[in-house]
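# Architecture at a glance
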Amino acid sequence: MLRSISRTRLSGLGQLPRHLTVNVSRRRSLTYDSTLKHLKIGSHTRATTNARESLEWGTKVVGGVTPGREGEHLGLPVLPSVRKAMEILKPDATGIYVAAHQAAGAIEEAIEAEVPLIVAVAEHIPLHDILRIHSILKTQSTCRLVGANSPGIISAVGKCRIGFQPLPCFEPGRIGILARSGTLSYETAASTLRSGLGQTMCIGVGGDILPGTSVKEGLQILVEDTGTEGIALIGEIGGDAELEAADWIREYRATTANPKPIAALIGGVKAVPGRIMGHSGAFALPGEPSALDKIEALKGAGAAIVNHPSRFGPVLKSMLAGSTPTGAGVTASGDTSQRRGMHTIARRSVPVRLALRKGVSSQKRTLYIAQGAAFDLLRQYGVSITEKANPVAQKLLAVTVNRSTRSPCVIASPSSDASAAAKFDFAYSTRGNPDIPTAAIAQHMGLDAPSIDSLRQVINALTAIFTEKEAFLLSTRVVAGNADHRVELAAARFGFDDAAFRSCGRQTDVHALRDAAAEDAAEVSAEKDGIVYVKLEDGDIGTLVNGAGLAMNTVDALADAGGRAANFLDTGGKATSETVKRSFEVILTDPRVKCIFVNIFGGLTRGDMIARGVVLAFRDLQMSVPVVVRIRGTNEKEGQRIIAESGLPLFAYDDFDEAAAKAIELAKEGLHL
């Protein structure tokens with residue numbers, strides 16, 4: 001029987017409980033990989049954001065943790081620490097629902113208490129806090145982490161929810177869902193319901209830069225689950241996870257007599273290079289694949305590709321029936337194959353200018369500083385700078401994270417082309433210089449032996465800045481070969497994790513280097529209201545969406561339908577009436593916008609509340625631009641009714657294709673009301 005400790009607010013206690021706990025198995029193994037079995041939750045497990053709702057659904061919650069306090073809530077014990085909860089309740093899993101500045105400490109507490117499954121839902125946990133967590137996880141074989149920035153994990157068959165997924169979307173069935181996006185996973189679940197398929201389990205890998213469970217690992221669990229007959233995979237821009245999954249799928253299909261059908265969606269085809277698209281991990285580091293690369297890899301491995309989550313249900317139903325899926329927005333699996341070397345970064349040429357683009361760019365999780373400021377910082381660490389180097393002689397040298405190994409790494413190339421680069425991992429530590437194979441790096445870069453000491457000095461300076469200033473990317477171009485064999489920096493683009501400042505108040509000196517005046521005024525203004533807004537080139541349809549994954553997909557699917565989005569806008573997973581109004585104001589600052597497309601999936605957000613917000617905003621702002629509203633999910637019919645009966649020039653739909661077609665039509669007409 002499973003036990004669960006809740007980290008949700010326990011009404012009447014006045015404090016946020018620290019954990020929600022659940023029960024699986026407890027055998028020790030040798031590595032973190034051996035903890036994968038703890039993802040197999042079911043009727044023997046439990047946990048969730050809302051303890052009352054989860055209990056009513058069937059999750060076996062056994063108690064909660066509120067630091068330093070003991071008591072009772074909903075007839076269950078509330079204990080003062082996770083360690084005491086483990087001693088008394090012996091749970092199998094814990095859900096962590098505290099804010100980002102508390103989350104890392106709570107995860108560490110759960111690891112120390114040896115809770116088998118730890119689910120972290122918070123977003124904006126500082127990257128270097130997560131790096132420290134992974135350095136701890138690698139030393140043990142008891143605890144498995146899901147998240148961060150994850151909606152959690154849910155078993156529809158076993159009635160166990162550890163997270164905050166909207167329960168109306170989930171009913172026992174045949175499809176396993178694996179997703180980096182919460183909103184896209186909810187709409188996928190709803191699509192399987194409409195197709196009469198239902199779900200077995202949904203694993204929210206999450207949108208963090210370094211999630212505790214990878215896409216490939218989630219696939220392994222769903223393939224091993226005997227009740228899962230088909231799989232929906234939802235990925236996005238950022239990292240190599242989907243390519244690793246494609247390699248795994250190819251091998252699985254080649255060695256299995258009757259492989260389970262897999263359909264996939266990748267968000268971020270139209271993502272702006274160098275920008276964070278909502279999720280902290282939704283951006284490409286030097287040499288990482290594009291969304292199109294991931295699509296081609298998955299298609300070549302045998303997965304069917306869909307361009308919108310509403311298509312998952314019909315496509316998987318067709319595949320389970322033995323038919324080849326067809327129709328708009330669907331691509332059947334192909335025969336193409338992508339071979340990937342173990343150590344090389346990419347298969348295509350990625351000029352380093354993408355990583356060293358001049359100018360200041362900021363988006364929610366990151367802060368890029370101007371090259372002059374980066375040079376000033378480097379000089380403080382004793383690094384030589386030259387601004388007269390021949391671009392042909394420049395070589396890529398960067399310090400960032402290896403998402404595959406969940407470690408910091410050095411990226412080095414014999415040229416300025418990232419496709420020729422290699423990654424060299426090092427252990428995360430804030431004490432002293434890490435043990436880095438400088439000689440091997442020098443050899444790969446084509447530097448002579450006398451340059452090794454100078455290269456070591458540069459690398460030590462970069463790794464020190466990386467850890468001390470909490471950077472996520474320090475990308476440089478270096479030159480060598482002068483008479484004294486000194487390695488000098490010719491260009492630099494430094495990106496720092498803004499969450500360290502916003503969530504924890506750290507790195508104020510780095511944050512002070514931000515030049516908001518050099519950024520787009522509308523983007524900066526939206527950021528103050530918690531709205532992620534990114535302008536796109538050559539668009540005329542404003543988009544307003546709840547959830548980063550759904551927002552990326554809306555831009556992509558509009559393009560597939562022949563439209564052009566003017567922006568990416570994520571209101572956040574819990575859009576409110578006020579947020580909708582503020583989003584309209586931001587979108588309307590762009591004179592190119594001829595129509596606004598509101599695409600809301602009501603998971604945590606109710607469709608009727610969004611509809612009222614749209615109506616109020618339209619009236620208050622006296623809008624002259626037509627608005628198309630697509631509402632699905634919770635209270636969708638009521639939301640559509642409110643729009644239809646408003647008496648305003650609002651166009652309500654539940655089908656994405658119909659809504660997109662109308663938005664494109666109105667944008668082409670360019671009518672003002």
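Let us look at the structure shown here. (Residues numbered from 1 in each chain as written. Predicted model: local features only at pLDDT ≥ 70, side-chain atom pairs only at ≥ 80, totals over all residues. Heavy atoms only, no water.)

### Focus: the overall build of the protein chain
If you tally the helices and strands in the protein chain, you get 20 helices and 29 strands. Counting all 673 residues of the protein chain, 62% fall into the buried class. Contacts in the protein chain between residues at least 24 apart in sequence constitute 73% of all its contacts with a sequence separation of at least 6. Accessible area for the protein chain stands at about 24,200 Å²; split by element, carbon and sulfur atoms hold 50% of it. (Helix = DSSP H or I, 4+ residues; strand = E, 2+ residues; numbered from the N terminus. Buried < 20%, exposed > 50% of the residue type's maximum accessible area, 1.4 Å probe, protein only. Contact = heavy atoms within 4.5 Å. Areas by Shrake-Rupley, 256 points an atom, 1.4 Å probe, with all protein chains shown as cover.)

### Considerations on the packing of aromatic side chains
Applying the stated criterion to the full structure yields five aromatic pairs. Between the aromatic rings of Tyr368 and Phe472, the centroid separation amounts to 5.6 Å while the plane-to-plane angle is 70°, which identifies the pairing as edge-to-face. Of this pair, Tyr368 sits in strand E18 (residues 366–369) while Phe472 sits in strand E22 (residues 471–479), and the two are 104 residues apart along the sequence. This pair shows no difference in class: Tyr368 is buried, exactly as Phe472 is. Ring centres of Phe494 and Phe496 lie 6.4 Å apart, and the angle between their planes is 80°; this geometry places the pair in the edge-to-face category. Here Phe494 matches Phe496 in class, with each residue buried. An aromatic cluster of at least three residues, connected via ring pairs, comprises Phe283, Tyr368 and Phe472. The ring centre of Tyr368 lies 3.5 Å from the NZ or CZ of Arg493, which sits over that ring. (Phe/Tyr/Trp six-rings, centres within 6.5 Å; stacked < 30°, edge-to-face > 60°. Lys NZ or Arg CZ within 6 Å of the ring centre and 35° of its normal.)

### Description of helix H6 (residues 215–224)
In terms of residue burial, H6 counts as a mostly covered element, since seven of its ten residues are buried. Those residues of H6 not exposed but buried are Val215, Glu217, Gly218, Leu219, Ile221, Leu222 and Val223. Against strand E8 (144–146), strand E11 (172–179), strand E12 (199–204), strand E13 (230–236), helix H7 (241–255) and strand E14 (262–267) lie the buried residues of H6.

### Some points on the sheet that holds E11
With mixed pairing, eight strands are arranged side by side in an open sheet as E10-E9-E12-E11-E13-E14-E15-E16. The sheet terminates laterally at strand E10 (160–163) and strand E16 (330–331), the two strands that pair on one side only. Where E14 lies against strand E15 (residues 304–306), two bridges are found, and the strand directions are parallel. The partner of Ala263 across the bridge, within E15, is Ala304. Of the strands in this sheet, E13 and E14 are in contact with helix H16 (residues 548–560), which crosses E14 at around 90°. (Pairing = 2+ DSSP bridges. Axes fitted to C-alpha atoms, helices over the stretch in contact; angles between N-to-C directions.)

In short, geometric facts, not functional conclusions.
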